[in-house]
Amino acid sequence: MADTFDSVDNLVDSNSLLPGGRWVYEEKDGVTNNGKRSDENVQSTKSGSSLSSTTSSSAASAISTATELPSLNVAEPLVPYDPIAAEKILFRQPTKWLVRNIQIALPFGTWVSGVLIDTILGKSKQNRRNRAKQLNGIIADLGPAIIKAGQALASRPDLLPSEYLDELQQLQDNVPTFSNEVAFQIVEEELNQNFEDVFELVEPEPIAAASIGQVYKARLLKNGQLVALKIQRPNTEEVVELDLYVLRWWGGVYNKIFELLGRNINLQSVMDDFGNLLYAEIDYIAEAANARRFSELYAQDVAIADVFVPKVYSELTSRKVLTMEWVDGFRLTDSASLEANNLDRKKLVDTLVQCSLRQIMENGFFHADLLATKDGRLCYLDFGMMSYAAAKQRNGFLLAVVHIVNRDWSALVKVYQNLGFIPEGTDVQPIENALEDALPDVLNSDISELNFKNVVGKLGDIMYTYPFSLPPFYISIIRCLGVLEGLAIQVDPKSRIISKAYPYVANRVLTDDSQEELREALRRLIFTSDGSIRWSRLESLLDEAKDSSGFDVVPVLDKLIDYAISSEGEGLLNEIADQIVKETDSLGRDTLIYFTQAAGALSIRDEKSAAKAMQSLVHALQSNKEEVNEKEGVEKESKVPTPIVSFLDTLREDLAETLPEPTASMKRTMKLGLLLGTRGASSLATTTSKGNAASATASTISKFTPLVRKLSQEPRVRQKAGEIVARLSERLVSRGLRAAFSLPPPEFETAMVANGNEKK
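Here we summarise the structure given alongside this text. Every value quoted in this text rests on a predicted model; they were computed, and no experiment measured them.

### Section: the side chain of Lys-230
Its place among the elements puts Lys-230 in strand S9 (residues 226-232). One polar contact links Lys-230 to Glu-287, side chain to side chain, over a distance of 3.1 Å. For Lys-230, the contacting residues outside a window of four places in its chain are Gln-214, Val-215, Tyr-284, Glu-287, Lys-320, Val-321, Leu-322 and Asp-382.

### As for the packing of helix H2 (residues 83-91) against helix H9 (residues 236-260)
Look at H2 against H9: their axes get within 10 Å of each other, and the N-to-C directions meet at 95°. Considering the angle they form, H2 stands roughly perpendicular to H9. Along its contact with H2, which presents Pro-83, Ala-86, Glu-87, Leu-90 and Phe-91, the element H9 presents Glu-241, Leu-242, Tyr-245 and Arg-248. Of the residues in the contact of H2 with H9, the class split is six nonpolar, no polar and three charged.

### Describing the environment of Ile-84
Its location among the elements puts Ile-84 in helix H2. Given the relative accessible area of 45%, Ile-84 is considered partly exposed. Measuring from C-alpha to C-alpha, the distance between Ile-84 and Tyr-245 comes to 9.4 Å, with 161 residues separating the pair along the chain.

### Describing helix H4 (residues 128-140)
A rise of 1.5 Å per residue sets the reference length of H4, with its 13 residues, at 18 Å; its end C-alpha atoms lie 18 Å apart and thus fit the reference within 8%. Those residues of H4 not exposed but buried are Arg-128, Ala-132, Leu-135, Asn-136, Ile-138, Ile-139 and Ala-140.

### Digging into the nonpolar core
If you look at the biggest cluster of nonpolar residues, it comprises 111 residues, and the most contacted ones within it are Phe-108, Leu-332, Tyr-416, Phe-421, Leu-435, Phe-468 and Tyr-474. In this structure Tyr-416 touches Ala-400, Phe-421, Ile-422, Leu-459, Met-463, Phe-468 and Tyr-474, once residues within four positions along its chain are discounted. Counting residues in hydrophobic clusters, the runner-up holds 18 residues, among them Ile-186, Val-198, Phe-199 and Val-321.

### Thoughts on the packing of aromatic side chains
Within this structure, the stated rule accounts for 17 aromatic pairs. Judged by centre distance (5.3 Å) and plane angle (40°), the rings of Tyr-81 and Tyr-279 are tilted. In this pair, Tyr-81 sits in the loop between helix H1 (58-67) and H2 while Tyr-279 sits in helix H10 (residues 267-281), placing the two residues 198 residues apart along the sequence. Judged by relative accessible area, which is 11%, Tyr-81 ranks as buried. Relative accessible area serves as the criterion here: at 5%, Tyr-279 is assigned to the buried category. Seen in terms of ring centroids, Trp-250 and Tyr-254 are 6.4 Å apart; in terms of plane orientation they differ by 45°. Their pairing is tilted. Separated by four residues within a single helix, Trp-250 and Tyr-254 lie in helix H9, roughly one turn from each other. Judged by relative accessible area, which is 28%, Tyr-254 ranks as partly exposed. Chaining the aromatic ring pairs together yields one cluster made of Phe-397, Tyr-416, Phe-421, Phe-468, Phe-473 and Tyr-474. The ring of Phe-308 has Arg-377 lying over it, and the distance from NZ or CZ to the ring centre is 4.5 Å.

### Considerations on the sheet that holds strand S16 (residues 378-380)
Taken together, the four strands give an open sheet; going across it, the order is S10-S16-S15-S13, and neighbouring strands pair in mixed fashion. Looking at the sheet topology across the chains shown, the edges are occupied by strand S10 (307-308) and strand S13 (329-330). Across two bridges, the pairing between S13 and strand S15 (residues 370-373) is antiparallel. What sits directly across from Gly-329, in S15, is Thr-373. Its contacts with the sheet put helix H13 (residues 345-363) on S10, S15 and S16, and the angle it makes with S16 is roughly 40°.

### Topic: the pairing of strand S8 (residues 213-220)
Burial of S8 is extensive: seven of the eight residues sit out of reach of the surface. As paired strands, strand S6 (residues 199-201) and S8 are joined by three bridges and run antiparallel to one another. Along S8, the bridge assignment pairs Leu-201 with Ala-218. As defined by bridge partners, strand S7 (residues 208-209) adjoins S8 across two bridges and the pair is classed as antiparallel. The partner of Ala-209 across the bridge, within S8, is Gln-214. Turn length for the S7-S8 hairpin, with the two strands adjacent in sequence and antiparallel, is three residues.

Parameters at a glance
- Residues numbered from 1 in each chain as written.
- Predicted model: local features only at pLDDT ≥ 70, side-chain atom pairs only at ≥ 80, totals over all residues.
- Heavy atoms only, no water.
- Helix = DSSP H or I, 4+ residues; strand = E, 2+ residues; numbered from the N terminus.
- Polar contact = N/O pair within 3.5 Å; in protein donor to acceptor, adjacent residues only side chain to side chain.
- Contact = heavy atoms within 4.5 Å.
- Axes fitted to C-alpha atoms, helices over the stretch in contact; angles between N-to-C directions.
- Parallel < 35°, antiparallel > 145°, perpendicular 65-115°, else oblique.
- Nonpolar A, V, L, I, M, F, W, Y, C, P; charged D, E, K, R; others polar.
- Buried < 20%, exposed > 50% of the residue type's maximum accessible area, 1.4 Å probe, protein only.
- Expected span 1.5 Å × (residues − 1).
- Core = buried A, V, L, I, M, F, W, Y, C linked by side-chain atoms within 4.5 Å.
- Phe/Tyr/Trp six-rings, centres within 6.5 Å; stacked < 30°, edge-to-face > 60°.
- Lys NZ or Arg CZ within 6 Å of the ring centre and 35° of its normal.
- Pairing = 2+ DSSP bridges.

Okay, structure coming up:
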């Protein structure tokens, strides 16, 4: 069994510690090698991990409680944010909040006055960038809560125009460090141990400082392990509580102003959402619990290769002190370090995208703060600001993406209303018109060129103009995806998150029908409003989904068959029959023409043709001989091409220049075979130990047997199959007769007349 947490009493052994910080306990007869019965261990999540002996401490117990909740929601702080209780206490302390009110109100008042003057003079848009920079500077000087609020506003396109969002995204913590003496005193008070008895500083000063705390690089005296020691700033909770109270009071004032301006924006509600996030961030026990949950869901020993989560020392963690494994790494934006360590940029981006999509779309428990390690792994850090989206919310987000792809603005607006983005009673027609005008230019781009930031920017302008109110989960998803694409582009300038994510999204929509929203997404993607199938869209989805791990084409076909044989699928069944007749007829005709042309191209009509044929044969034989020589001494188990295969491959390459180009229908058929067989079957077939290709093929075919059986047992399908055979026979006879009398080939309409025959 395994554990995300470590104890200072346990010496770190690379053989007993899995990546991600889980201790491995060998279980024998119900007893683990830590001396406990497995049924006595405190059970964690479905991965089966248990807490180590450090759970006797209050911090470890709190972490255990937080992570044993059945929901994957973010861990709750031990002291939750309570704006009503804070208001009752602080209202009786006017000297506190009056002084802080002045400190906040004066600089903000100056900025607001400037914005009003710009509006009166008609220079609002012209000066917006300068006002945004001014606001950025004001926020940076007002302390941790205000800085965090500014960073949160950077993801609110419903509250601020794009110029302000761009500036606030550059907002950084600009705070000095506090003294070592004060920091070490906090550690001693929190852990009830002398600092010198537990830690030895590797660096004499903090290696990083932020608005909430600062980090030291230290060594544990008991076992010599390097750790990152994060210590919270003195009185952080009191400062945050006071600032939130003041900001919330001003939020009430601005609510009244917005009402007069006809905008339905509840800034107090926004501040309450932010307060909940901030209180979770300043509770390091909640952060440790989030780290554990994240590791159990995504670290490489249980989920995703090359994803690493540092372990937490639970007995050296409290609400104000966090001790974690030290990690040597660098930001993905550090190109020099990527080059110096010879890291594969494409692999890093692929791992980043796959992990992030699994976080957002599968579990809804997600985060975007990470480093790259020297051995090429992604290391996630700083779990104080985790986000969570419920299944209905993330599936609604996916359905919104589908409507954007389909350019179905009315349906998109309905989704936004269902998610609570747009207040009830709002006239949505102007919003639909704005979406129609804003988005087509972005969406007409090729899928590989789509830029997530551009799409979100267009939507953000609309959300600022019209009465949108974005919930925290949507803001978190947008922020996470924005950070993800920003990192991906800096690692690989050609990377596009939408293009990278498309195979995953296609796989999810095609194979997961556990949620009504996903079933609706599939219907919207591949069916038109009148029930006809979008063949090009279905082909595109299958083509993209096959590149996603675990893709299985059989469930996709099964769902399509279920719909076709249902009472709603009569039209689809007729359409499929038409397509089968059309494609089979075209394929037969084109194949005959192709082989006739190929035979002519390969025939030896003169000395030049004979010389070319001999040259191709000699080249193939020489290549085959070289291939045999290279393979001498290779073990039989190695998967290398046989001589005959190499010979045929070389011959085929030479003949490719001579043979005619396959027709469109032949290419479609080959691609269909690839989608249904080679790629889809690769995830289905059982690979034998000897690599028996025949056995693998048989296993693949067997997967489709239940689908064939289901079709053959449906009376309407049998009837339709008879019609297809009759129509193909009629076409074959017609083509044969007209060819015999040197007449032009017949032309057929795809639709059948009432008696089941085709029009010619």
